[in-house]
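# Structural characterization, general
For reference, the chains in residue letters:
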Amino acid sequence: MRHISNGISPRFCTGVNVRSQNYPVSVYMLPNKPVVDTKNKTTFTYNKYSSLGSQMFEYWGFYLLENSFVTIKACSSYSRKGVDYYFVKGKQNLQRWKNDNYCDSCFEYHKSTDACNDGNSTFLHIAYTSDEYYFVFANHLDYSGPVSVTVTIELKRTYYDLSSAVHKCMNSYECDVSYTNDDYSETVVVEIPHINTENIEVDSTCYRRAGVFVGLFFIMPLGIGISISAVIYFACIRRRTKTTSTPYGVLQNPTGAQYSTFPEASAPVMERDQELPPAYPGPPSYEESTKTGKK
C-alpha cells in the first residue's frame, strides 16, 4: 500500500487521478491520515536467483509499512567465502551505496552469506518506519568466474486500516477521486495486488483548485507589489512636503485680514567681562591742528 502524498494536497487539489500502467490497482479515499494496522500481517514469499560476476551486485526493493517483518535466507555457490549482503533503507542511501559500496552510513546491516553447501544464512529485519527497503547482494571477490546466489525473501507486511474509506475504486487501471471535506484532511491510498512481477507503475495527477493558484500566483504578488509601492510613495511625499518653522507669526483681526508680525531687531548683547572701546574725543581745534613743534 502507498499513501499518495508527494505533490498531492486537498488544499491545492479538488481531486486526484490515479492511473496504473500495467496492472489494475485499488484506490481508497480516507477521511483522515491513514493509520497502520500493526496487528494483522500478511505473509508473501519471493524466490530469487542471480549470477554475479566479480565486482557486480543485484538488489530487490519493496515498499514496507511500519512494523513489517522481513526474513532473508541466502547462500552462494562459492565455497570459500560468500557474497556480501546489505540491508539498505531509502532510495538516497541506495544511490550512495552504489557510488561507494563501503560507506558505513549507507546501509542498516551488512553480513557475508554462507556457501550453499553449509546451508542458508538467515537475516531478520524490522521496518520501523514506512519507506523503501532494499536487499542488496554484491560479489566483492577477486574471482574471475561468476558466483550464483540463491535468495528467499519472506515479507510479513502490515496494511493501512481501510474500514473508514469513503470512496473506493477496486481493481481499476484508472480512478478519479474527489475531495469533499472542508478541513482538508482526506487522504488517498493505493493498494497494489500481490503478483510476482518486477514493477507496477502507478501515476497520480492533481486536479488543481483554480482559485488557490490564482490567489497564490496573481493576487498575492499583486497585493505585495501594491503595498510596497504605497510605502515608497508615501515615504517620498512626506519627505518632500516637510517644512521648517518661520520666525514670524500671524495675527488675526476682526475683519479677517492677516498681518505678519516680524520680531523687533535688538542690539547685540555684550558679555559681562568684555571691555568697552574708549570714547571718541571729537575732532581737534584749528589752533591744535596748526600748532607746530617749534618753540
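Up top is the structure.
Residues numbered from 1 in each chain as written. Predicted model: local features only at pLDDT ≥ 70, side-chain atom pairs only at ≥ 80, totals over all residues. Heavy atoms only, no water.

## Here's the deal with the pairing of strand β6 (residues 68-76)
For a regular strand, the rule is simple: side chains alternate between the two faces of the sheet. The cut-off we apply is this: For every residue, the accessible area (1.4 Å probe, protein chains only) is compared with the maximum for its type, and the residue is labelled buried under 20%, exposed over 50%, or partly exposed between those bounds. A helix here means a DSSP run of H or I that spans at least four residues, while a strand means a run of E at least two residues long, and both kinds are numbered starting from the N terminus. When DSSP locates at least two bridges between a pair of strands, those strands are taken to pair.
Judged by how many residues are buried, β6 sits mostly within the fold: 7 of 9 residues are covered. Pairing analysis gives 8 bridges linking β6 to strand β12 (residues 147-160), with the strands arranged antiparallel. Within β12, the residue paired with Lys 73 across the bridge is Thr 152. Sheet topology note: the β6/strand β9 (residues 114-115) ladder contains 2 bridges and is parallel. Pairing of Cys 75 across the sheet is with Asp 114, part of β9.

## Thoughts on unusual backbone geometry
We note that Gln 55 has phi near 60°; this positive angle belongs to a residue other than glycine. Here Gln 55 is to be found in the loop between β4 (36-52) and β5 (56-64). With phi around 50°, Asn 171 is a residue other than glycine that occupies positive phi space. Take Asn 171: it is sitting in strand β13 (residues 167-172).

## A closer look at the packing of aromatic side chains
Put simply, the rule is: In summary, the pairing rule links any two rings of Phe, Tyr or Trp, Trp by its six-membered ring, whose centres are within 6.5 Å, and it sorts them by plane angle into stacked for under 30 degrees, edge-to-face for over 60 and tilted for everything else. Throughout this description, the term charge over a ring refers to an Arg CZ or Lys NZ atom that lies within 6 Å of the ring centre and within 35 degrees of the ring normal.
Scanning the entire structure with this criterion turns up 14 aromatic pairs. Plain terms: the ring middles of Tyr 85 and Phe 137 are 5.0 Å apart, the flat faces sit at 40° to each other, and that makes the pair tilted. Residue Tyr 85 is located in strand β7 (residues 84-89), and its partner Phe 137 is located in strand β11 (residues 131-139); the two are separated by 52 residues in the primary sequence. Look at Tyr 85 and you get buried, because its relative accessible area is 0%. Aromatic ring contacts, followed pair by pair, group Phe 57, Tyr 59, Tyr 86, Trp 97, Phe 107 and Tyr 134 into a single cluster. Across from the ring centre of Tyr 63, 3.7 Å away, lies the NZ or CZ of Arg 2, which sits over that ring.

## Quick look at helix α1 (residues 91-99)
The condition that has to hold: Note that the arc is computed from the directions linking the helix axis to the C-beta atoms. Between two residues, a contact is recorded if the distance between any of their heavy atoms is within 4.5 Å.
What α1 keeps buried is the set Asn 93, Leu 94 and Trp 97. The buried residues of α1 all sit within an arc of 105° when viewed along its axis, so they share a single face. Among the exposed residues of α1, those pointing more than 90 degrees away from its buried face are Lys 91, Gln 92 and Asn 99. Summarising the contacts, the buried residues of α1 are in contact with β5, β7 and β11.

## Thoughts on the sheet that holds strand β14 (residues 174-178)
Hydrogen bonding along the main chain pairs the strands of a sheet, whether they run parallel or antiparallel. Applied cut-off: In this analysis an axis means a line fitted to C-alpha atoms, helices contributing only their contacting stretch, and an angle means the value between N-to-C directions, from 0 to 180 degrees.
Strand order in the open sheet formed by 3 strands is β14-β2-β16, and the pairing between neighbours is antiparallel. The two strands at the open ends of the sheet, each matched to only one other strand, are β14 and β16 (202-208). In this sheet, neighbouring strand axes are inclined to one another by 20° on average, regardless of whether the strands run parallel or antiparallel. Pairing between strand β2 (residues 13-20) and β16: 7 bridges, direction antiparallel. Residue Ser 20 lies in a different strand from β16, and its bridge partner there is Val 202.

## As for the state of the cysteines
Threshold: For the purposes of this analysis, a disulfide is any pair of cysteine sulfur atoms at a distance within 2.5 Å.
Throughout the structure, instances matching the rule amount to 4 disulfides. Each sulfur in the disulfide pair Cys 13 and Cys 206 lies 1.8 Å from the other. Residues Cys 13 and Cys 206 are joined through a disulfide that is left-handed, its torsion about the S-S bond being -115°. With Cys 13 in strand β2 and Cys 206 in strand β16, this residue pair connects regions lying 193 residues apart in the sequence. The pair formed by Cys 13 and Cys 206 is uniform in burial state, with each residue classed as buried. Covalent S-S linkage joins Cys 75 and Cys 116, the inter-sulfur distance amounting to 2.0 Å. Judged by the sign of its S-S torsion, about 85°, the cystine formed by Cys 75 and Cys 116 is right-handed. You can see Cys 75 sitting in strand β6 and its partner Cys 116 sitting in the loop between β9 and β10 (121-127), a full 41 residues away along the chain.

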